[in-house]
Amino acid sequence: MKEVYLAIDIGASSGRHIAGWTERGRLVTEEVYRFPNGVKESADGLVWDTEALLSHVKEGIKCAFARFGRIRSLAIDTWGVDYVLMRGDDPLLPCRAYRDPKTERAVKTVHARVSFEFLYARTGIQFQPFNTVYQLVRDAAEGRLIAVTDFLMLPEYLSFRLTGVKKKEYTNATTTGLVNAVTGEFDTEIAGALSDMLPKRLFCPLSRPGERVGALLPEVAAEVGGETEVVLAPSHDTASAVEALDTDGPYISSGTWSLFGIKSERAMTDAASREANWSNEGGVGYIRYQKNIMGLWLVQSLRRELCPEKSFDDIVKEAEASTFAGYADADEEKFLSPASMKETFLTSFPEGARPETEGDLFRCAFTSLAHSYKRALGELERACGRTFDTLTITGGGAKNALLNRLTEEVCGVKVRALPIEATAIGNLKTQIGRK
């Protein structure tokens, strides 16, 4: 009887349950459940509906048991940065979403205690205003950390709700901006400098991908129709995606965000890397030297605003038909969470040179991404002291032939597109490798 494993891969716009098993040494996969996701507006700002996520997680496990009868293990990965505050076994909700733009004061508070230069030298994590360290300090300023015992990154929280066991996983923890790039544990000097705001109890030892979390709680097993164990994948989705790639050259994990990077034997925390805002995030036995840059969020936001009824295939066709050649600096902060993505693009150009049609706007978004990739590639080549002629792209963006072609033209490289569920494959590879 084949042994079936289940990868639960949750992104900012959708989630999926993908079963996997080996046949003649080859990994075979089958999607068994897919569900929508997205931030919610609330009185507390932008938040994640964690109860809805948990409900979908359990429904997908139920579908997997109905399809296969037996599941050897499962593991959950999500995006990084976001977390649930815990008071013992009780969550303190809501879970805020990283796109909520209210950490400016917290950033200033942190940097008044520990400069970003110091933070980067210790952690190697690029500056982003939504890094967990700033979110936690914001929570502290608002009194949300009173009686809080710990915090769980989203995949850890969902695993806890399935098993009743708390384990903090290394790759996702590195996105907090609080993990030492050399030791792979929470940095004691940073924690000490912020200890009057962030209690020491928040920072416990980290577990590595492949470690066991625990068995399903009896009530969860009864609900989903079977018993299995939960293990740790590389629970930051990009860490799982990179684990699936057979390349030592540059990669882009292309989705809502574009994660542009390379596998490295060591962290690079020099001044040039800091000034270019590159990150050193955890991988499975290596460092992911990468940069979190703008991704298909541009296109998703334009579609949601202008034509939610249109398919992405139709959007790409309209963009291909457009002759608009202009592009914007997609990495400017104004594109992060604008009230109107259309207006943000339009005001990036002078009168008379603006995109006019929906096709022009989408073409502009794709071209802007290609130029963002070109900038990142140049920075990576300077950091590594070598040039690259091939760029591997995986994730949802790898299916976009127009974006791939624009990337080849703008960057002057060959694009190797792998339109696979790389994150799920890396997740499954880690589970299968536990034998």
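This text follows the structure it describes.
Residues numbered from 1 in each chain as written. Predicted model: local features only at pLDDT ≥ 70, side-chain atom pairs only at ≥ 80, totals over all residues. Heavy atoms only, no water.

## Concerning the overall build of the protein chain
Definition in use: Under the DSSP-based scheme used, a helix requires at least four consecutive residues in state H or I and a strand at least two consecutive residues in state E, with every element numbered from the N terminus. Contacts were defined at the residue level, with two residues in contact if any of their heavy atoms lie within 4.5 Å. The Shrake-Rupley method, run with a 1.4 Å probe, gives the accessible areas here. Residue values count only the displayed protein chains as cover.
Secondary structure assignment for the protein chain yields 16 helices and 18 strands. Along the longest, intermediate and shortest principal axes, the C-alpha atoms of the protein chain span 65 × 55 × 45 Å. Long-range contacts, defined here as pairs at least 24 residues apart, represent 71% of the contacts in the protein chain between residues at least 6 apart. Surface accessibility of the protein chain: about 17700 Å² in total, with carbon and sulfur atoms responsible for 50%.

## Concerning the packing of aromatic side chains
Where we set the bar: Ring pairs shown here join Phe, Tyr and Trp side chains whose ring centres sit within 6.5 Å, with only the six-membered ring taken for Trp; geometry is labelled stacked below 30 degrees between planes, edge-to-face above 60, and tilted in between. Only protein chains enter the accessibility calculation, which uses a 1.4 Å probe. A residue is then buried if its area is under 20% of the maximum for its type, exposed if over 50%, and partly exposed in between.
The final tally for this structure, using the stated rule, is 18 aromatic pairs. Each ring, one from Trp48 and one from Trp79, has its centre 4.3 Å from the other, and the planes form 45°; the classification is tilted. Taken together, the residues Trp48 in strand β5 (residues 45-48) and Trp79 in the loop between β6 (73-77) and β7 (83-87) connect sequence positions 31 residues apart. Each member of the pair, Trp48 as well as Trp79, carries the same accessibility label: buried. Ring geometry for Phe116 and Tyr120: centres 5.9 Å apart, planes at 50°, overall tilted. With Phe116 and Tyr120 both in helix α3 (residues 116-123) and four residues apart, the pair spans about one turn of that helix.

## Things to note about the nonpolar core
Using the following cut-off: The nonpolar core is taken to be a set of buried Ala, Val, Leu, Ile, Met, Phe, Trp, Tyr and Cys residues, with the residues joined through side-chain atoms within 4.5 Å.
Phe151, Leu198, Phe260, Leu298, Phe345 and Phe366 are the most contacted members of the largest nonpolar core, which totals 80 residues. The greatest single-element share of this core, amounting to eleven residues, is contributed by helix α14 (residues 358-384). Discounting chain neighbours no more than four positions away, the residues touching Leu298 are Ala330, Phe335, Met341, Phe345, Ala365 and Leu369. Counting residues in each nonpolar core, the second largest holds 47 residues, with Ile10, Val28, Ile71 and Val224 among its members.

## Regarding the pattern of salt bridges
What counts, and what does not: Definition used for salt bridges: Asp or Glu carboxyl oxygen within 4 Å of a side-chain nitrogen of Lys or Arg.
A full pass over the atoms with the stated rule returns 35 salt bridges. Among the salt bridges present, the one from Asp9 reaches Arg16, with a minimum N-O distance of 2.8 Å. Both residues of the pair, Asp9 and Arg16, belong to the buried class. Between Arg96 and Asp44 there is a salt bridge, with its nearest N and O atoms 3.4 Å apart. One end of the pair, Arg96, is in strand β9 (residues 95-96); the other, Asp44, is in the loop between β4 (40-42) and β5, and 52 residues separate them in sequence. On the accessibility criterion, Arg96 (7% relative accessible area) is buried. Given a relative accessible area of 25%, Asp44 falls into the partly exposed group.

## What about the pairing of β7?
Sheet faces and side chains relate simply in a regular strand, where the side chains alternate between the two faces. Note the threshold: For two strands to be treated as a pair, DSSP must find no fewer than two bridges joining them.
When you tally the buried positions in β7, you get four out of five residues, the bulk of the element. In terms of strand pairing, β7 meets strand β10 (residues 150-153) through four bridges, oriented antiparallel. Bridge pairing in β10 links Met86 to Asp150. Sheet analysis places β7 next to strand β8 (residues 90-92), joined by three bridges and oriented antiparallel. The residue of β8 that forms the bridge with Arg87 is Asp90.

## Quick word on α14
As a reminder of what qualifies: One less than the number of residues in a helix, times 1.5 Å, gives the span that helix is expected to have.
The end-to-end C-alpha separation of α14 is 39 Å, in line with the 39 Å expected for 27 residues at 1.5 Å each. Extensive coverage of α14 is indicated by the burial of 20 of its 27 residues. Just past α14, the residue Gly385 takes up positive phi, approximately 70°.

## Details of the environment of Gly283
As for its placement among the helices and strands, Gly283 is situated in the loop between β15 (279-282) and β16 (287-294). The buried category is assigned to Gly283, whose relative accessible area is 5%. Along the chain, Gly283 and Arg208 lie 75 residues apart, while their C-alpha atoms are 9.7 Å from each other. Not counting residues within four places of it along the chain, the set of residues in contact with Gly283 comprises Tyr170, Thr171 and Arg288.

## Comments concerning the packing of helix α2 (residues 104-113) against helix α4 (residues 132-141)
What counts here: Axis definition: a line fitted to C-alpha atoms, over the contacting stretch in the case of helices. Angles run 0 to 180 degrees between N-to-C directions. Angle categories: roughly parallel below 35 degrees, roughly antiparallel above 145, roughly perpendicular from 65 to 115, and oblique for all the rest. In this classification, Asp, Glu, Lys and Arg are treated as charged, Ala, Val, Leu, Ile, Met, Phe, Trp, Tyr, Cys and Pro as nonpolar, and every other residue, Gly included, as polar.
At their nearest, the axes of α2 and α4 sit 8 Å apart, and the two run at 100° to each other. As judged from the angle between their axes, α2 and α4 are roughly perpendicular. Seen from α2, the contacting residues are Ala106, Val107, Thr109, Val110 and His111; seen from α4, they are Val133, Tyr134, Val137 and Arg138. Broken down by class, the residue content of the contact of α2 with α4 amounts to six nonpolar, two polar and one charged.

## So, the sheet that holds strand β14 (residues 257-264)
Read across the sheet, six strands follow the order β15-β16-β14-β13-β17-β18 without closing on themselves; strand pairing throughout is mixed. The sheet is open, and its two borders are formed by β15 and β18 (414-418), each paired with just one other strand. When the angles between neighbouring strand axes are averaged without regard to direction, this sheet yields 30°. The pairing of strand β13 (residues 251-254) with β14 spans four bridges and is antiparallel. Across the sheet, the residue bridging to Tyr251 is Gly261, located in β14. Of the strands in this sheet, β17 (390-394) and β18 touch helix α15 (residues 401-411), which is tilted by about 155° from β18.

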